[in-house]
Amino acid sequence: MSYLELAGLQKRFGNATAVDDVSLSVAKGEAVALLGPSGCGKTTTLRMLAGLIEPDRGTIRIDGAEITRLPAHRRNMGYVFQSYALFPHLSVARNVAFGLEERGRPKAEIARQVEEALALVRLSGLDARRPRELSGGQQQRVALARALVIHPSVLLLDESLSNLDAKLRDAMRHEIRSIQRALGITTLFVTHDQVEALTMCDRIAVMHRGRIAQIGAPEEIYEKPATRFVAEFVGRANALPAERGPDGQVRLWNETLALAAPADGSFDVFVRPQRMRIVPVSEPAGPDTARVSGRVLRSVFVGDHVEVLIEGAGGQLTVEMPSGSPAPAEGSEVAVVWPATESRVFAREAP
Amino acid sequence: MSATRRLPWLLLPAGLFVLGIYAWPTLLLLRNAFNEVGPTGAMVEAMSLKTATETFADGFTFELTWNSLWLSATATTIALALSYPLSLFLFRTTSRWRGILAVIAILPMLISGVVRVFGWLAILGDRGLVNGLLQSLGLISAPLKLVFNWTGVTIGLAESIMPYMILALLAGFGQLDRTLEEASRSLGASPARTFLRVTLPLSLPAIVLAAGLGFVLSMSAYITPKLLGGGRVFVLATEIFEQATTNTNWPVAAVLALYTLALLLVLLALSNLLARRLRR
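Residues numbered from 1 in each chain as written. Chains lettered and ligands numbered in written order. Predicted model: local features only at pLDDT ≥ 70, side-chain atom pairs only at ≥ 80, totals over all residues.

Now for the overall build of chain B. Of regular secondary structure, chain B possesses twelve helices and two strands. Going residue by residue from the N terminus, the α and β elements of chain B occur as α-β-β-α-α-α-α-α-α-α-α-α-α-α. If you line up chain B on its principal axes, its C-alpha atoms span 75 × 75 × 30 Å. Per-residue burial for chain B yields a buried fraction of 32% across its 280 residues. In chain B, the proportion of contacts linking residues at least 24 apart, taken out of those at least 6 apart, comes to 71%. (Helix = DSSP H or I, 4+ residues; strand = E, 2+ residues; numbered from the N terminus. Buried ≥ 20, exposed ≤ 12 C-beta atoms within 10 Å, placed from the backbone. Contact = placed C-beta atoms within 7 Å.)

In structure tokens form, the structure reads like this:
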């Protein structure tokens, strides 16, 4: 049974439709990411959930009760803002206590809960500090504690890690995920960072132009992108132009491939760079293997892998090789192979 | 050559200007304050505190001080009550009319004080807009006394300091951030509670700054108390003018002027201190 239910949500700003018919069911305790580029409507969706903006159409239900028109302060949503939005005139403890004070809880209980919340985010002892005396990571934790301490119906995170540096972001990612799991709190996570979405959530809703393009488990989104946009946005992919020849065979870079593909027209074959292998030209293609040939333009060492750029009859493609293996010499003629099942075919988008 | 060492040169033009037209006359004023007035009414060169002691022993000086402080406090309070919501609106609005609205709000600043006073006479006078309207509605039989008294001066003064206070408020609202109010609401605070717990505390430094400015401007205002007071409103500024021109009693005028200046400096220092403390 779903706990949080968005049905047909729509929001227009002037002539622009920010969110267009978004429906989503989230189970209790589940973490769902709204992933998409800026302007795809993900933050608007989150703000409608929090009651900070009103949807033009559609309904929001929590635990069966409709809250679509309920004012923000009566929704009990824990919102962690991208800028953290800590109150600069209040101490860390008073920031965290804010929601409990507004709920009129007894002083002793507030003190105890604030202490627990600060311990949960590993900030014990910093309660007397002002927000600006904290580092970015610490501010982020205070914002999280402040949202969690009210025992929200849903935790809403809006690009919450984007202001942190890369190392800290990694650490916070795991920390937030483990807190979310330990508390079993239903979470909606808005992000444009696919790594964040892939690692922190049970399911991902990829948003594109105000709609949900695909929703599913991280593996499903990554391995079986439903649309061309999802394939391009999540992970890296080579988009190789192909068409069906007069003989009915799929032709790619002047080579014939055994692929399931549309009956006619031009289309692109998507293949993840790390699923491709570089082999000597002399090596023949095995069964169920796609194979093209080309010339090595250059190899770039990226640390944990090497990116090899290859140019062939139909353009360029990138192959990701594990670092440590010998990279082919620049200018050499090579063949690129991949299991045919790793290919995803999408219609060519009109330019 | 470091930037900090070069900086004072940038202050030179303004420094010379202030020195010439402000510091030097003030020093002359200071010198006059130690002079005396002879039996003929002419100024006698002297180096005594006689004029100062006589002025401060006079009960009228105390009354003037109280009048000035009270007038400034009421005018500032009224102006603040009107400017604060207006400034908050201007600060927040995303309307494309925002720039025009802001200009309209501070437009009175660009109009001469004398012209503004005559405007108020037309509105508040015995046959003015307000009395005319109230009488035609049958709410009053005799015109209300709205000018040539404290009421008129307070209204006129409040209006004249509003533009400055609006500018000070807008400049001081820096810490105010819509997201903080959204955070407050998401944490369960109603719009009214959000105003009390977030908006108001964060705009307090701006309020103190604007109030300090309004108060200082009211204390030194001359035209409005003089013209709208109709000779019945006595404050420090009008008295200084009387003494300097009508009575040509320069030593007393100098003492009162320096006294007013000292009062203003103390008030300015206090409001700055308060604003700084609040900002922390």
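Read on, since the account is not over.
The next thing to look at is the interface of chain B and chain A. Chain B puts 15 residues into the contact, and the matching count from chain A is 18 residues. When residues of the side of chain B that touches chain A are traced back to their parent elements, those giving at least two are α8 (178–186) and α9 (191–220) of chain B. If one sorts the elements of the side of chain B that touches chain A by residue count, α8 of chain B sits on top with six residues. Residues that form the side of chain B that touches chain A fall into these classes: seven nonpolar, five polar and three charged. (Nonpolar A, V, L, I, M, F, W, Y, C, P; charged D, E, K, R; others polar.)

This brings us to the domain arrangement of chain A. Residue and element names in this part refer to chain A. Domains assigned within chain A are domain 1 (2–232) and domain 2 (236–347). With centres defined by C-alpha atoms, the gap from domain 1 to domain 2 works out at 39 Å. Between domain 1 and domain 2, the contact holds four residues from the first and four residues from the second. Among the residues making up the side of domain 1 that touches domain 2, the classes are represented as two nonpolar, no polar and two charged. (Domains from an automatic or database assignment.)

The next point concerns the packing of helix α2 (residues 92–102) of chain A against helix α4 (residues 136–148) of chain A. All names here are of chain A. Running from N to C, α2 and α4 point in directions that differ by 30°, and their axes come no closer than 7 Å. Of the possible angle classes, the one that applies to α2 and α4 is roughly parallel. The chirality of how α2 crosses α4 is right-handed. Where α2 approaches α4, its residues Val92, Asn95, Val96, Phe98 and Gly99 are matched on the opposing element by Val142, Ala145 and Arg146. Across the contact of α2 with α4, the residue classes tally to five nonpolar, two polar and one charged. (Axes fitted to C-alpha atoms, helices over the stretch in contact; angles between N-to-C directions. Parallel < 35°, antiparallel > 145°, perpendicular 65-115°, else oblique. Left-handed = near helix turned anticlockwise from the far one by under 90°.)

Residues and elements named next belong to chain A. With antiparallel pairing, the five strands of this open sheet are ordered in space as β13-β12-β11-β14-β20. Looking at the sheet topology across the chains shown, the edges are occupied by β13 (255–257) and β20 (344–347). With strand direction ignored, the average angle separating the axes of adjacent strands in the sheet is 40°. Pairing analysis gives four bridges linking strand β14 (residues 266–271) to β20, with the strands arranged antiparallel. (Pairing = 2+ DSSP bridges.)

Moving on, we come to the environment of Met165 of chain B. Residue position: Met165 of chain B is located in helix α7 (residues 150–172). As a C-alpha pair, Met165 of chain B and Val153 of chain B span twelve residues in sequence and 18 Å in three-dimensional space.

So, about unusual backbone geometry. Positive phi values are uncommon outside glycine, yet Trp253 of chain A reaches one of about 50°. Its identity is not glycine, yet Phe148 of chain B carries a phi of approximately 60°, on the positive side. Relative to the elements of secondary structure, Phe148 of chain B occurs in the loop between α6 (129–136) and α7.

All names here are of chain A. Relative to strand β10 (residues 211–216), strand β9 (residues 203–208) runs antiparallel, the two sharing five bridges. Looking at β10, one finds that Met207 is bridged to Ile212. Counting the residues in the hairpin turn of β9 and β10 gives two residues, including Arg209, whose phi is positive at 50°.

Here we take up the sheet that holds strand β2 (residues 16–27) of chain A. All names here are of chain A. Taken together, the four strands give an open sheet; going across it, the order is β2-β1-β4-β5, and neighbouring strands pair in antiparallel fashion. The open sheet has two edge strands with one neighbour each: β2 and β5 (65–66). Looking at chain direction, strand β1 (residues 2–13) and strand β4 (residues 57–62) are connected through five bridges and run antiparallel. Bridge assignment links Gln10 to a residue of β4, and that residue is Arg57.

Moving on: helix α11 (residues 236–246) of chain B. Those residues of α11 of chain B that fall on the buried side of the exposure criterion are Leu236, Ala237, Thr238, Glu239, Ile240 and Gln243 of chain B. The first or second residue beyond α11 of chain B is Thr248 of chain B, which carries a positive phi of 40°.

Summing up the model confidence of chain B, the mean pLDDT is 90 and the portion of residues at 70 or higher is 97%. Scored as a whole, the predicted complex attains pTM 0.83, and scored at its interfaces, ipTM 0.85. (pLDDT = per-residue confidence, 0-100.)

This next bit is on the pairing of strand β3 (residues 31–35) of chain A. Residue and element names in this part refer to chain A. Judged by how many residues are buried, β3 sits mostly within the fold: five of five residues are covered. Residues Ala31, Ala33 and Leu35 line one face of β3 and the alternating positions Val32 and Leu34 line the opposite face, and both faces are buried. Sheet topology note: the β3/β9 ladder contains four bridges and is parallel. For Val32, the partnering residue across the bridge sits in β9 and is Arg203.

All names here are of chain A. Structurally, Arg94 is set in helix α2. C-beta crowding within 10 Å serves as the criterion here: with 18 such atoms nearby, Arg94 is assigned to the partly exposed category. When the C-alpha atoms of Arg94 and Ala111 are compared, they prove to be 9.6 Å apart, with 17 residues separating the residues in sequence.

Time to look at the nonpolar core. Membership of the largest hydrophobic core comes to 105 residues, with the highest contact counts inside it found for Ala33, Val96, Ala145, Leu156, Phe189, Ala205 and Val206 of chain A. Per-domain counts for this core show at least three residues from each of domain 1 (2–232) and domain 2 (236–347) of chain A. In this structure Phe189 of chain A touches Ala31, Val32, Ala33, Leu34, Leu157, Met200 and Cys201 of chain A, once residues within four positions along its chain are discounted. Within the second largest apolar cluster, 47 residues are counted, among which are Val117, Leu124, Ala168 and Ala253 of chain B. (Core = buried A, V, L, I, M, F, W, Y, C linked by C-beta atoms within 7 Å.)

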